[in-house]
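Understanding the architecture of this molecule
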Amino acid sequence: EPEVTQTPSHQVTQMGQEVILRCVPISNHLYFYWYRQILGQKVEFLVSFYNNEISEKSEIFDDQFSVERPDGSNFTLKIRSTKLEDSAMYFCASSVGGGYYEQYFGPGTRLTVT
Amino acid sequence: DQQVKQNSPSLSVQEGRISILNCDYTNSMFDYFLWYKKYPAEGPTFLISISSIKDKNEDGRFTVFLNKSAKHLSLHIVPSQPGDSAVYFCAASAVGGGSEKLVFGKGTKLTVNP
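Structural notes, computed from the coordinates.

What counts and how
Residues numbered from 1 in each chain as written. Chains lettered and ligands numbered in written order. Predicted model: local features only at pLDDT ≥ 70, side-chain atom pairs only at ≥ 80, totals over all residues. Heavy atoms only, no water. Helix = DSSP H or I, 4+ residues; strand = E, 2+ residues; numbered from the N terminus. Rg over C-alpha atoms; globule rule 2.2 N^0.38 Å. Buried < 20%, exposed > 50% of the residue type's maximum accessible area, 1.4 Å probe, protein only. Contact = heavy atoms within 4.5 Å. Areas by Shrake-Rupley, 256 points an atom, 1.4 Å probe, with all protein chains shown as cover. Lys, Arg positive; Asp, Glu negative; His and termini not counted. Charge placed at Lys NZ, Arg CZ, Asp CG, Glu CD. Pairing = 2+ DSSP bridges. Core = buried A, V, L, I, M, F, W, Y, C linked by side-chain atoms within 4.5 Å. Buried area = accessible area lost by both parts, 1.4 Å probe. Salt bridge = Lys/Arg side-chain N within 4 Å of Asp/Glu carboxyl O. Polar contact = N/O pair within 3.5 Å; in protein donor to acceptor, adjacent residues only side chain to side chain. Nonpolar A, V, L, I, M, F, W, Y, C, P; charged D, E, K, R; others polar.

Turning our attention to the overall build of chain B. Looking only at helices and strands, chain B features zero helices and 11 strands. Counting from the amino terminus, helix and strand elements in chain B follow one another as β-β-β-β-β-β-β-β-β-β-β. The C-alpha atoms of chain B give a radius of gyration of 13 Å, which matches the 13 Å a tight globule of 114 residues would have. Based on the C-alpha atoms only, the size of chain B along its principal axes is roughly 45 × 30 × 20 Å. Residue burial in chain B is summarised as follows: out of 114 residues, 49% are buried. Sequence separation of at least 24 residues holds for 54% of the intrachain contacts in chain B that already meet a minimum separation of 6. When the accessible area of chain B is evaluated, it comes to approximately 5300 Å², of which 49% is carbon and sulfur surface. Of note, chain B has its 12 positive side-chain charges centred 5 Å away from the centre of its 10 negative side-chain charges.

Next up, the structure:
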């Protein structure tokens, strides 16, 4: 069964460093998302991406964050200058369409900022 | 911001019995609702969804009921199995309002005892 994959599974970085989290969505999916879950808190939406453009973003997704689909398979989330409060599980998700379609999530990348 | 609420942090049931997980929402723009299951150190796994034009959707052992007037939905698992033990998240989106972002509840930890 097709699934969303994410690398790395765990990333440790120092405050102020740049990190890139990578995702390979399900191959025939056209809509891509990033969510995060800070320990003990809800899963929260960061950004949605369709047709090589951001379609929606949350207040969390400020200028320190960017997303890119550099080729036909990868979808990346970059954090330019990490802060301690960026420590969280980051989940990539994809769906076959926008609207009334379920989103399928990857296993997550645990980001630890020290 | 508690647009989606799961008021029971945990639920324990016996194998073979029914599990009922509840979810309330406040945003009347929500028109698409999903349930996800999550094991530790994994991403959310899609279970079942329902759009606001329906009041019930069934898939095998899983049934979701939607009461729009009460802004309440529930997930029924019958019969419950030990492998169902996980954290269950309710999520909602306002697709008709042009948003695909999922807004999650805090989750309910289900334990199914053999």
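Continuing now.
The strands that make up a sheet are held in pairs by hydrogen bonds between backbone atoms, and each pair lies either parallel or antiparallel. Residues and elements named next belong to chain B. Spatial ordering of the open sheet is given by β1-β3-β8-β7-β6, a layout of five strands whose pairing is antiparallel. Each edge of the sheet is formed by a strand with only one pairing partner; in this case those strands are β1 (4–5) and β6 (56–59). Taken together, the six bridges between strand β7 (residues 62–67) and strand β8 (residues 72–77) define a ladder with antiparallel strand orientation. Following the sheet pairing, threonine 63 is matched in β8 by histidine 76.

This part takes up the environment of Ile50(B). All names here are of chain B. With respect to the helices and strands, the residue isoleucine 50 is situated in strand β5 (residues 45–51). Classification of isoleucine 50 by relative accessible area gives buried; the value is 1%. In sequence terms isoleucine 50 and alanine 92 are 42 residues apart; their C-alpha atoms lie 9.7 Å from each other. Sequence-distant contacts of isoleucine 50, that is, excluding residues within four places in its chain, are made with Asp31, Tyr32, Phe33, Asp55, Lys56, Asn57, Val64 and Leu66.

Another point: the nonpolar core. Formed by 25 residues in total, the largest nonpolar core has its most connected members in Phe30(B), Phe33(B), Trp35(B), Leu73(B), Leu75(B) and Tyr88(B). Sorting the residues of this core by element identifies β3 (19–25), β4 (32–38), β5, β7, β8, β9 (86–93) and β11 (108–113) of chain B as the ones contributing at least two each. The biggest single contributor to this core is β9(B), with four residues. Judged by nonpolar contacts, the second largest core, of 22 residues, contains Ile38(A), Ile79(A), Cys92(A) and Val113(A).

What follows deals with the interface of chain B and chain A. The partner chain A presents 19 residues to the 25 residues of chain B that form the contact. Of the roughly 1800 Å² buried where chain B meets chain A, counting both sides, 60% is carbon and sulfur surface. Where chain B touches chain A, the interface holds zero salt bridges. On the surface where chain B and chain A come into contact, there are nine residue pairs in polar contact (both at pLDDT 80 or more). Where the side of chain B that touches chain A is concerned, the elements lending two or more residues are β4 and β5 of chain B. Each residue belonging to the side of chain B that touches chain A can be placed in one class, and the counts come to 11 nonpolar, seven polar and seven charged.

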